[in-house]
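# Understanding the architecture of this molecule
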Amino acid sequence: GFASTRMNVNMNLSDFDGIYIDALSVVAGNGAENMNFVFTLKDPQAAQLQVTFKAQFQAGTSYDGFRRSYMLFSEMVPEYRGRQIDRGPIDEKKIVEIGIMGKQPGVVGDFE
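Only a predicted model underlies this, so the values are computations on that prediction, with no experimental measurement involved.

Once that is clear, we can look at the overall build of the protein. Per the secondary structure count, the protein includes one helix and eight strands. Start at the N end of the protein and walk to the C end: the helices and strands fall as β-β-β-α-β-β-β-β-β. Of all 112 residues assigned to the protein, the portion counted as buried reaches 38%. A sequence separation of at least 24 residues applies to 76% of the contacts in the protein between residues at least 6 apart.

Further remarks concern the side chain of K42. Along the polypeptide, K42 turns up in strand β3 (residues 36–42). If sequence neighbours within four positions are ignored, K42 has contacts with A47, V51, T52, I90, K94, I95, V96 and E97.

Further remarks concern the side chain of S69. By secondary structure assignment, the location of S69 is in strand β5 (residues 67–72). Setting aside its immediate chain neighbours within four residues, S69 contacts I19, Y20, I21, F57 and Q58.

To continue, consider the pairing of β3. Here β3 lies mainly inside the structure; six of its seven residues are buried. The sheet contact formed by β3 and strand β4 (residues 51–57) spans five bridges and is antiparallel. Bridge pairing in β4 links F39 to A55.

The subject of this paragraph is the nonpolar core. Residues F39, L41, F57 and M76 are the most contacted members of the largest nonpolar core, which totals 20 residues. Elements that contribute at least two residues to this core include exactly β2 (18–23), β3, β4 and β8 (95–103). Among the elements that line this core, the one with the most residues is β4, at four residues. Look past the residues within four positions of M76 in its chain and what remains in contact with it is F39, T40, L41, F53, K54 and A55.

The next point concerns the sheet that holds β3. If you trace the six strands from one edge of the open sheet to the other, you get β1-β8-β3-β4-β6-β7, paired in antiparallel fashion. At either end of the open sheet lies a strand with only one pairing partner, and these are β1 (2–11) and β7 (83–84). In the sheet, β1 pairs with β8 via eight bridges, with the strands oriented antiparallel. Bridging across to β8, M11 finds its partner in I95.

What counts as what
Residues numbered from 1 in each chain as written. Predicted model: local features only at pLDDT ≥ 70, side-chain atom pairs only at ≥ 80, totals over all residues. Heavy atoms only, no water. Helix = DSSP H or I, 4+ residues; strand = E, 2+ residues; numbered from the N terminus. Buried < 20%, exposed > 50% of the residue type's maximum accessible area, 1.4 Å probe, protein only. Contact = heavy atoms within 4.5 Å. Pairing = 2+ DSSP bridges. Core = buried A, V, L, I, M, F, W, Y, C linked by side-chain atoms within 4.5 Å.

Below is the structure:
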């Protein structure tokens, strides 16, 4: 299962190589520390073709605190419906969507 949130934006990130995320998940010991998190970006072409550029990151828990991850734009993987595709790099000058997804390994169906 998964849960996600995304926001439409109009951003020029071309002055940067990547982005830092300081992430904190829920309480340690409930399985959330096994959650996979994904940072997502779209440029206009990606949005039109339903392609999402993704980079995985980890979140800390209330036990170990925030975890900082750095994701390079050049290493983000373009995907269409969860499958990697062959496409040029994201256009950092024209970011139109930003998002975060949480995926729980081995869960099919409702997100827990």
